[in-house]
Amino acid sequence: MSVVTVDYKQEGDIFDIQRFSLNDGPGIRTIVFLKGCPLSCWWCSNPESQRRRPVVMYNEAECVHCRRCESACRQHAVTFTDDGVRHFNFDACTGNGDCAAVCPVGALVMKGQHIDVRSLIDILKKDRSTFRHSGGGVTLSGGDPLMQADFARELLKACKAQGWNTAIETEGCAEPCDVLDVIPYVDHILMDIKHMDPEKHRTFTGVSNELILSNARKIAAFSPLTIRVPVIPKFNHSEKEIGDIARFAASLGNTECMHILPYHSLGENKYRMMGCEYKMNRLSVASLSNEELEKYRPIIEQAGVRCRIGDE
Amino acid sequence: MDVLAKGFTQPTDRIKALKNAIYDATPTVEADRAELITASYKETEGLPIILRRAKAVEKLLNETPIAVRDNELIVGSLTVGVHGCQIYPEFSFDWVEKEFDTMATRMADPFDIPKDTAKRLHDAFLYWPGKTTSDLATSYMSKPCLDAQANGIFTVGNYYFNGVGHVCVDYGKVLREGYSGIIREAEAAKAKLNGTSPEDIKKCHFYDAVIITYKAATAYAHRYADLCDQLAAQESNPARKAELTQMAVNCRQVPENPATTWWQALQGFWFVQLILQIESSGHSISPGRFDQYMYPHLEADKNISQDFAQELLDNIWIKFNDLNKTRDAVSDQAFAGYAIFQNIQCGGQNEDGVDATNPLSYMMIDSAAHVAMAAPSFSIRYWNKTPDEFLYRACELVRLGYGYPAMYNDEVIIPAMMNRGIPLKDARQYCIIGCVEPQVPHKTEGWHDAAFFNIAKVLDVTLHNGRNGKLQLGPKTGEMKDFKNLGELILAYKQQMEYFVRLLAEADNCVDYAHMERAPLPYLSALVDDCIGRGKSVQEGGAIYNFTGPQAFGVADNGDSFAAIQKHVFEKKEVTMEQLFDAINHNFGYADETGKIEQWFGNGCCESNASIEGMDERQIYEAVKRILSANGSIDINQLQKDIQSGTTKTQAPAAAGDATQYQNIKRIMENTTWFGNDDDFVDQITREAGQIYAREVQKYKNPRGGQFQAGCYPVSANVLFGKDVAPLPDGRLAWTPLADGVSPRAGCDTSGPTAASMSVAKLEHETFSNGTLYNQKFSPSALAGDEGLKRFAALCRAYFENKGMHVQFNVIDKAALVEAQAHPEQHKDLVVRVAGYSAQFVSLAKEVQDNIINRTEHVF
């Protein structure tokens, strides 16, 4: 028998840890959000996750105009006018965090933390009792955890070494070797399929879906998986488009469930805080409710896949 | 398909009718008890106090008017009117007199006092000035002790103005042996006295008192038997006639003799519960481990149907809600919701360390669901071997949203009690009293609610060098600006704590002596071991275990304040102590409608006209010193000028620009990781803030030969006592509510319920052996379905595995609470968890309602 080793010194970038999560795998879970994503979906509610390097978010409502950041920033990305109005040049910002470090009220926040597996496991251990009693564990999300395949793999191994259940939430848009490198250590795979049409996929996410679909088949050959679909108005919010995904999910032969999630615009404010455009505003569409997705249930079930809607 | 959740059946029509009768009643004060006890005291002035108390109880039981309620199967009530209350002038009375005209309309727990009742009470009260336990306690107290109370550091008001209560007696003994057995026991003990010891004189009177009391209590039950017979004779409905006839039979069997059926056992139990509350006004008369001493009687009753056994139990549940008490308007804000804290439990382990859950444990859960009213306070004991089925069933009841059962952790409480010198077998038998207080049943005089101690106020006073506003209340331990690091501040806090806890112990012991000398209770004492053996009442030290348990609140406020100071003043140096002090004294730039900030810290423009009269001694001294050192002589005009400029210099009026500066300081201080987010730094410092109190408390002894032990729970006093506390460094504004119990401050636990409960579990609950209280609020959706139930049970097990002591839950949408606040008339049935007890939401004072609404709600 070979000896399994975990590289606890492996380092990676994360931007959040969320405890008491009930919707991303069995039991009560902690989600680790890894930074970096190959996609840039218009509706993304975690835009701070997309870039690998740290980003600064600025919450104007919290700002007390003390101008400590102005003096701290070596790039002069932060300036104030004489009447106290603040300007942030996001392009000049290198994300070194000097401004956030001096902000006394938390109006400037660095999103992104370089951390090794050992330190992360120590944080995750805070919920070990809850994991044990609920059958829960750790879910890696992002971004896409597969963008940091080495880190994700070692982190998942370390979680397994603690006896925790593991899950991963992925876009599946990664080198096939990276995919196969990571999934042996995952108990539950939650994979996004957003659209079956490569061009439409490219328009709204920045990449084609071909690699994603082929990775889905590779994963399915290896392990059962949940297919997740954000239902986005004017993108895939139709019986035809959701039906196509359902039939693809069925064709994988190993899909446990197709989980459709209603579009919400809760992330919009983050774009403002990062000085970016929220492209969904171009479409002028409203958030969806679970009820509005009910009509897809028979279609998905007819394709031969179990259906789950929203937080049910 | 959900199969884990079993669902709950509907109660019978009888139970529904009994419940509605209570909701429809207007709580009304009755004068009979006050009149009768006054008459008795006038007749017995020459007798030893223990006999005076026995004679008083005898008169009360013989002459107080009695009633049998429509539909009920168990008889015995405190008042003729439903949900009414009696008055207990021997403890205190002036507050009742003061509230004759306002008690019906006051904010919290209003009671009607009809004009003729007020007149009768007034006449009775003429006898009592100088004769109450409260008067005696006051005369024992020193001035600093009274000052500390007057300034909101602590109150011992509970026992200062009322009976002690807070006890679980030997109900099982009454059901096994009857009152006749207790009389025989007292007679035998009396017969053994041979007069060789001087103590025998007092013992003899004690035994006589017990015998008088228990004979009267037997006759009292017979009065009910006669009334039932009388009502049966008049009754036309044959079914009800048969019930009344049986009820008469029951009242002649119990409590005089052992119970022979489940119905009689419940009736006998109820007489004990009732008479304890006729004898004294002490609340928290707690039935304790009901499933343990009652189950043998259910098991032995082979003829009763399951449905009827359940209906009888449901009827007992209703009866708890009929008993009522009034308190003064201020205390009632602390004990909001007509609560009298009759805590009843099931589950846990027996004295041999074997799981004790039995079929009655499950029936109690059903009764709680059927009756769904504020009383009794229903709790379960949890331990590592609690059956999953039982925990799931308890969680299912929690999910209904009435705030019960509360859950208690054997794995923490048993070692905590053993740490107080209680042997393992007794510790395993612990029950819960009142809100959250563990004691060994029928062996303890625990004095569990001995005080509310406001540790946030101690921090407030520490930050002002021992001053409360302008009054030098505590020792001078340094001005805030002079603290160079957190250690120095905490040292000052510790010195203030030592001073005030010493006064607390003094106050409690003064009240303790008053009860010993003026209110020994023979009925209660005969049911607490080893009063009969020792021949003295519990008030004189007759119980095997004696404690005094004053509880703290404001732990999270202090921990958060220390953490905020450490981060923003000492580490990041974003704010100086002087700036923070200034901001605190200006309420962080926010308006203060009470005007107290102005009075206390003298910030406004009127202060610039300050005269010598307006100065306190210290300020005059400082001014004189300044002038003397400059001039060597005094010019009174210059002194006047100097004082004016001195004050305007250091305490400039808050202009608009300043207000923004102060508000910014508040924002800076609030950029802190608070207690309740599983952050080790703030959690440890919060633990220390609480432990400094607990360690100080446990140094003291009481006159009954027992030890002080701290608790950490607020009832609802965190709202009331918040009104005495100036702004705190954590950004809390003046006079707003404090954190409740060991819970994080409302809205500050933002990392989810697991993080919050892990923070709470770190506080070292073992030291708070008088009990801790942790409130969690869940949105109903978080607990829905079998999955929700499983997760909920997992959360409970995880919290307890990490050494949490107590947890209770409100499972209700914020929207539903807001709606009930707006339309109280439509939501009379909404029951919520306040602190260690549940209450009818609409009966709570608005501030308490707001405090509940603002607790962090954990959702998906």
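Rules used throughout
Residues numbered from 1 in each chain as written. Chains lettered and ligands numbered in written order. Predicted model: local features only at pLDDT ≥ 70, side-chain atom pairs only at ≥ 80, totals over all residues. Heavy atoms only, no water. UniProt positions renumbered as here; feature names shortened; annotations may be inferred. Contact = heavy atoms within 4.5 Å. Salt bridge = Lys/Arg side-chain N within 4 Å of Asp/Glu carboxyl O. Polar contact = N/O pair within 3.5 Å; in protein donor to acceptor, adjacent residues only side chain to side chain. Helix = DSSP H or I, 4+ residues; strand = E, 2+ residues; numbered from the N terminus. Nonpolar A, V, L, I, M, F, W, Y, C, P; charged D, E, K, R; others polar. Axes fitted to C-alpha atoms, helices over the stretch in contact; angles between N-to-C directions. Parallel < 35°, antiparallel > 145°, perpendicular 65-115°, else oblique. Left-handed = near helix turned anticlockwise from the far one by under 90°. Core = buried A, V, L, I, M, F, W, Y, C linked by side-chain atoms within 4.5 Å. Buried < 20%, exposed > 50% of the residue type's maximum accessible area, 1.4 Å probe, protein only. Domains from an automatic or database assignment. Buried area = accessible area lost by both parts, 1.4 Å probe. Pairing = 2+ DSSP bridges.

- For chain B, an unreviewed UniProt entry supplies the name Pyruvate formate-lyase and the organism Megasphaera cerevisiae DSM 20462.

- Chain A appears in an unreviewed UniProt entry as Radical SAM protein from Megasphaera cerevisiae DSM 20462.
- As recorded by UniProt, the Sequence similarities (unreviewed entry) comment attached to chain A reads in full: "Belongs to the organic radical-activating enzymes family."
- In its Catalytic activity (unreviewed entry) section, UniProt records this for chain A: "glycyl-[protein] + reduced [flavodoxin] + S-adenosyl-L-methionine = glycin-2-yl radical-[protein] + semiquinone [flavodoxin] + 5'-deoxyadenosine + L-methionine + H(+)".

1. Thoughts on the interface of chain B and chain A
No. 1: Contacts between the two partners involve 26 residues from chain B, matched on the other side by 24 residues from chain A.
No. 2: Across the contact surface, chain B and chain A share two salt bridges.
No. 3: For the salt bridge of B:D678 with A:R19, the shortest nitrogen-to-oxygen distance reads 2.7 Å.
No. 4: Where chain B meets chain A, there are 13 residue pairs in polar contact (both at pLDDT 80 or more).
No. 5: At the level of elements, α29 (656-670), α32 (753-761) and α33 (785-801) of chain B are the ones that each hand at least two residues to the side of chain B that touches chain A.
No. 6: A per-element tally of the side of chain B that touches chain A places α33(B) first, with six residues.
No. 7: Grouping the amino acids of the side of chain B that touches chain A by side-chain chemistry returns 11 nonpolar, seven polar and eight charged.

2. A word on the packing of helix α9 (residues 171-192) of chain B against helix α12 (residues 262-279) of chain B
Residues and elements named next belong to chain B.
No. 1: It is the contact of α9 with α12, at a shortest axis distance of 9 Å, that shows an interaxial angle of 110 degrees. Taken together, the axis directions place α9 and α12 in an arrangement best described as roughly perpendicular. Judged by the twist between their axes, the crossing of α9 over α12 is right-handed. Here Y171, V174, L175 and Y179 of α9 come into contact with α12, specifically with A265, G268, F269, F271, V272, Q273, I275 and L276.
No. 2: Split into classes, the residues belonging to the contact of α9 with α12 amount to 10 nonpolar, two polar and no charged.

3. Some remarks on the UniProt feature "domain: Radical SAM core" (unreviewed entry) in chain A
No. 1: What UniProt calls "domain: Radical SAM core" (unreviewed entry) maps, in this numbering, to residues 23-306 of chain A.
No. 2: The span residues 23-306 of chain A is 35% helix and 19% strand, and its two end C-alpha atoms sit 16 Å from each other.

4. Here's the deal with the nonpolar core
No. 1: Formed by 260 residues in total, the largest nonpolar core has its most connected members in B:M407, B:F453 and B:Y693.
No. 2: Tallying contributions element by element places helix α10 (residues 199-234) of chain B first for this core, with 16 residues.
No. 3: Each of domain 1 (11-51 + 113-309) and domain 2 (55-111) of chain A accounts for three or more of the residues forming this core.
No. 4: Setting aside anything within four residues of it in sequence, one finds B:Y693 in contact with B:F453, B:I455, B:M497, B:V501, B:L504, B:P550, B:Q551, B:A552, B:A710, B:G711 and B:F768.
No. 5: A:L34, A:I189, A:I219 and A:C307 belong to the second-largest nonpolar core, a separate cluster that totals 70 residues.

5. Notes on the pattern of salt bridges
No. 1: Per the stated rule, a full pass over the model turns up 63 salt bridges over all chains.
No. 2: The partner of B:R797 in a salt bridge is B:D388, and the shortest N-O contact between them spans 2.6 Å. Placement of B:R797 in helix α33 and of B:D388 in helix α17 (residues 388-399) is noted, with a sequence separation of 409 residues between them.
No. 3: Among the residues examined, B:D388 registers a relative accessible area of 43% and is labelled partly exposed.
No. 4: As a salt-bridge pair, B:D678 and B:K762 come within 2.8 Å of each other at their nearest N and O atoms. With B:D678 in the loop between α29 and α30 (680-697) and B:K762 in the loop between α32 and β14 (775-778), the pair connects residues that are 84 residues apart, well separated along the chain.
No. 5: For B:K762, a relative accessible area of 17% gives the class buried.
No. 6: Overlapping salt bridges bring together A:R19, A:D127, B:D678, B:D680, B:D683 and B:K762 as one network.

6. Side note on the domain arrangement of chain A
All names here are of chain A.
No. 1: Each assigned domain of chain A is listed here: domain 1 (11-51 + 113-309) and domain 2 (55-111).
No. 2: For domain 1 and domain 2, the distance between their C-alpha centres works out to 32 Å.
No. 3: Facing eight residues of domain 1, the contacting portion of domain 2 comprises seven residues.
No. 4: Approximately 760 Å² of surface area, both sides summed, lies buried where domain 1 meets domain 2, with 69% of it carried by carbon and sulfur atoms.
No. 5: Broken down residue by residue, the surface that domain 1 buries against domain 2 is led by E48, M273 and M274, which jointly contribute 60%.
No. 6: Summed over the shared surface of domain 1 and domain 2, the result is zero salt bridges.
No. 7: The interface formed by domain 1 and domain 2 includes one residue pair in polar contact (both at pLDDT 80 or more).
No. 8: Examining the composition of the side of domain 1 that touches domain 2, we find that three residues originate from one element, helix α10 (residues 268-274), more than from any other.
No. 9: Split into classes, the residues belonging to the side of domain 1 that touches domain 2 amount to three nonpolar, one polar and four charged.

7. With respect to the sheet that holds strand β12 (residues 255-262) of chain A
Strand pairing within a sheet occurs via backbone hydrogen bonds; the two strands may be parallel or antiparallel.
Residues and elements named next belong to chain A.
No. 1: Read from one edge to the other, the open sheet built from nine strands follows the order β7-β1-β2-β8-β9-β10-β11-β12-β13, with strand pairing classed as mixed. Both outer strands of the open sheet, β7 (113-116) and β13 (307-309), are each paired with one neighbouring strand and no more. On average, each strand axis in the sheet is inclined to that of its neighbour by 30 degrees, with strand direction left out of account.
No. 2: Direction of pairing for strand β10 (residues 188-192) relative to strand β11 (residues 225-231): parallel, over a ladder of four bridges.

8. A few points about the packing of helix α3 (residues 49-63) of chain B against α12(B)
All names here are of chain B.
No. 1: Taken N-terminus to C-terminus, the directions of α3 and α12 make an angle of 120 degrees; their axes are 10 Å apart at the nearest point. When the interaxial angle is binned, α3 and α12 end up oblique. Regarding α3 and α12, the two cross each other, and that crossing is right-handed. Every residue of α12 that contacts α3 at R53, V57, L60 and L61 is listed here: I275, I278 and E279.
No. 2: In terms of residue class, the contact of α3 with α12 is built from five nonpolar, no polar and two charged.

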